[in-house]
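Coordinates in review
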Amino acid sequence: MKHYSAFAVAREALRYHTGWERAWRSPEPKKKYDVIIVGAGGHGLATAYYLGKNYGIQNVAIIEKGWLGGGNTGRNTTIIRSNYLQDPSAALYEKARGLYEDLSQDLNYNIMFSPRGVIMLAQTQHEIRGYQRTAHANALQGVKTEWITPERVKELVPIINLDGPRYPVLGGLWQERGGTARHDAVAWGYARACSAMGMDIIQKCEVTGVRSDNGRVVGVDTTKGAIDCDKLGIVVAGHSGQLAEMAGFRLPLEAVALQALVSEPIKPCMDVVVMANTVHGYMSQSDKGEMVIGGGTDGFNNFTQRGSFHHIEETVRALVETFPMISRLKMLRQWGGIVDMTGDRSPILSKTPLQGCFINAGWGTGGFKAIPGSGWGMAQLMATGHSPLTEAFTMDRFKEGRFIDESVAAGVAH
Ligand SMILES: Cc1cc2nc3c(=O)[nH]c(=O)nc-3n(C[C@H](O)[C@H](O)[C@H](O)COP(=O)(O)OP(=O)(O)OC[C@H]3O[C@@H](n4cnc5c(N)ncnc54)[C@H](O)[C@@H]3O)c2cc1C
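Note that the coordinates shown come from a computational prediction; the quantities given were computed from them, not determined experimentally.

Counting its regular elements, the protein contains 12 helices and 18 strands. Over its C-alpha atoms the protein spans a radius of gyration of 21 Å, differing by no more than 12% from the 22 Å that the globule rule assigns to 414 residues. Taken over the C-alpha atoms alone, the protein extends approximately 65 × 65 × 40 Å along its principal axes. For the protein, with 414 residues in total, the buried portion stands at 50%.

Okay, here's the thing in structure tokens:
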């Protein structure tokens, strides 16, 4: 793999950009791999990358039914933060946020990490209590967040209206090193690094069955034929239930569409990310100037990867009181992704009843921020059988009543 650098850009400019090589190979599948990962979203690719980088396991295939990064990873609103309440979550999300800081250098691929700061607005007394509690918990966990006053919110977000008639802004939970990154670039950067290690990324290949022998996984059936493996990682977000069924177990998940929209591009007017969870809406400004706007999930289970008109209305209605200027913006486009929600709003990173088969799912509306940490922990779990990062997130916790309740941090927020 050729190194990307300012020197390489200058050299290619001189020879009309004829020397760039493809970022990743598109091979036909081999008969057998040590590890197969199903799903080339951010979590699947990061799992493969850290298997290779941290454990030297490079005979790996990542199998994707569509195109890599074309699921939720390429459809999300790119918010990165680690201000979660429970200790296992804070550890996992803060590990991810920390890895994001240097990910461009690590992957030699500019993922455009922008730690511009994230505010979660408190607009009810209940939210004040919830966020102050989270700020105290974060202080104990070593996660840098702080409770800020409405005046400080206004300083950070001059376009905000603090005095909404229904929900005035009463303060906020501020994470200065939270922010955004370019979602496709995260998938592309990991994919390029995996391919450079010799891993096979097999796109347009759907896994249609999981094969086992004596309670142990031995391979998968795909639209390109059967492929054998010693270990299998299922990392398919909204389709986790279907893959689990193929592997012979059930997951406590439901799939729903989550939508987002962007406005026409405008001049820079907001350089932080603002989330308003009481009214179900959040907003940031992209590098191109578009206001990136997201809301809650659809109120019914579905597998539609597209937007709907009522959602534009609901989300803009939710935010317009706090950001009156958006009433004058034209909306440019909207889309949807299928997210996989657990009851406690925390993910599942776990061994499964099928030996050698592991599951990474349940990220719901907020898994983009976790990609590097999740990949790191999942790779450790798959390589060694144990990871301190994932040990609380087993699928058995729902049977045993050990929920990791993140309904304040992740119930609506992303
Ligand atoms: C509108 C929206 C906004 C969001 N905003 C944020 C945000 O601001 N911050 C945040 O942290 N998170 C956010 N999220 C959530 C985040 O996008 C997801 O949690 C994360 O991207 C999940 O990544 P993944 O790799 O698990 O799944 P995906 O990226 O969905 O990858 C799974 C892949 O598996 C493939 N697949 C499925 N079935 C099969 C099969 N049978 N065979 C082969 N391949 C298969 C799919 O094609 C897909 O590419 C948002 C999500 C949406 C939809």
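Helical geometry: 3.6 residues make up each α-helical turn, so side chains three or four residues apart lie on a common side. In terms of burial, helix α1 (residues 6-14) is largely open, as just 0 of its 9 residues are buried. Positive backbone phi, approximately 55°, marks Y16, located one or two places after α1.

The next subject is unusual backbone geometry. Residue H280 is not a glycine yet carries a positive backbone phi of 70°. Its place among the elements puts H280 in the loop between β13 (273-276) and β14 (281-285). The class of H280 is partly exposed, set by 18 C-beta atoms lying within 10 Å.

Lining the immediate surroundings of the ligand are 40 residues, of which G39, G41, G71, G337 and G367 lie closest. Looking at the shell around the ligand, the elements that each hand over two or more residues are α2 (42-55), β12 (253-265) and β16 (331-342). Considering only residue class, the shell around the ligand consists of 14 nonpolar, 21 polar and 5 charged.

Below, the discussion takes up the packing of α2 against helix α10 (residues 371-384). Orientation of α2 relative to α10, taken along the N-to-C sense of each, is 55°, at an axis distance of 7 Å. If you check the angle between α2 and α10, you find them oblique. Between α2 and α10 the crossing geometry is right-handed. Along its contact with α2, which presents G42, H43, A46, T47, Y49, Y50, L51, N54 and Y55, the element α10 presents I371, P372, S374, G375, W376, M378, A379, M382 and A383. Looking at the contact of α2 with α10, its residues break down into 12 nonpolar, 6 polar and no charged.

Strand order in the open sheet formed by 8 strands is β5-β6-β4-β13-β14-β15-β12-β16, and the pairing between neighbours is mixed. Looking at which strands have only one partner, the edges of the open sheet turn out to be β5 (146-148) and β16. For this sheet the average axis-to-axis angle between neighbouring strands, irrespective of direction, equals 25°. Pairing of β12 with strand β15 (residues 290-301) involves 6 bridges; the strand directions are antiparallel. Bridged to P265 within β15 is E290. Each of β12, β13, β14, β15 and β16 touches helix α9 (residues 309-320); the most contacted strand, β15, lies at about 120° to it.

If you want to describe how two helices pack, look at the angle between their axes and the distance between the axes. For the pair α2 and helix α7 (residues 183-196), the least separation of the axes is 9 Å and the interaxial angle reads 35°. Relative to α7, the crossing made by α2 is left-handed. Where α2 approaches α7, its residues G42, L45, A46, A48, Y49 and G52 are matched on the opposing element by V186, A187, Y190, A191, A193 and C194. Looking at the contact of α2 with α7, its residues break down into 10 nonpolar, 2 polar and no charged.

All right, on to the nonpolar core then. The biggest cluster of nonpolar side chains holds 117 residues, and the ones touching the most others in it are I36, L45 and I62. In contact with I36, not counting residues within four places along its chain, are A61, I63, V220, I227, C229 and L232.

To continue, consider the environment of L332. Here L332 is to be found in strand β16. Under the C-beta neighbour-count criterion, L332 is labelled exposed, with 12 such atoms within 10 Å. Linking L332 and L103, residues 229 residues apart in sequence, is a C-alpha distance of 30 Å. Here L332 is in contact with V262, S263, E264 and E290, once residues within four sequence places are set aside.

How each quantity is defined
Residues numbered from 1 in each chain as written. Predicted model: local features only at pLDDT ≥ 70, side-chain atom pairs only at ≥ 80, totals over all residues. Helix = DSSP H or I, 4+ residues; strand = E, 2+ residues; numbered from the N terminus. Rg over C-alpha atoms; globule rule 2.2 N^0.38 Å. Buried ≥ 20, exposed ≤ 12 C-beta atoms within 10 Å, placed from the backbone. Near = placed C-beta within 6 Å. Nonpolar A, V, L, I, M, F, W, Y, C, P; charged D, E, K, R; others polar. Axes fitted to C-alpha atoms, helices over the stretch in contact; angles between N-to-C directions. Parallel < 35°, antiparallel > 145°, perpendicular 65-115°, else oblique. Left-handed = near helix turned anticlockwise from the far one by under 90°. Contact = placed C-beta atoms within 7 Å. Pairing = 2+ DSSP bridges. Core = buried A, V, L, I, M, F, W, Y, C linked by C-beta atoms within 7 Å.

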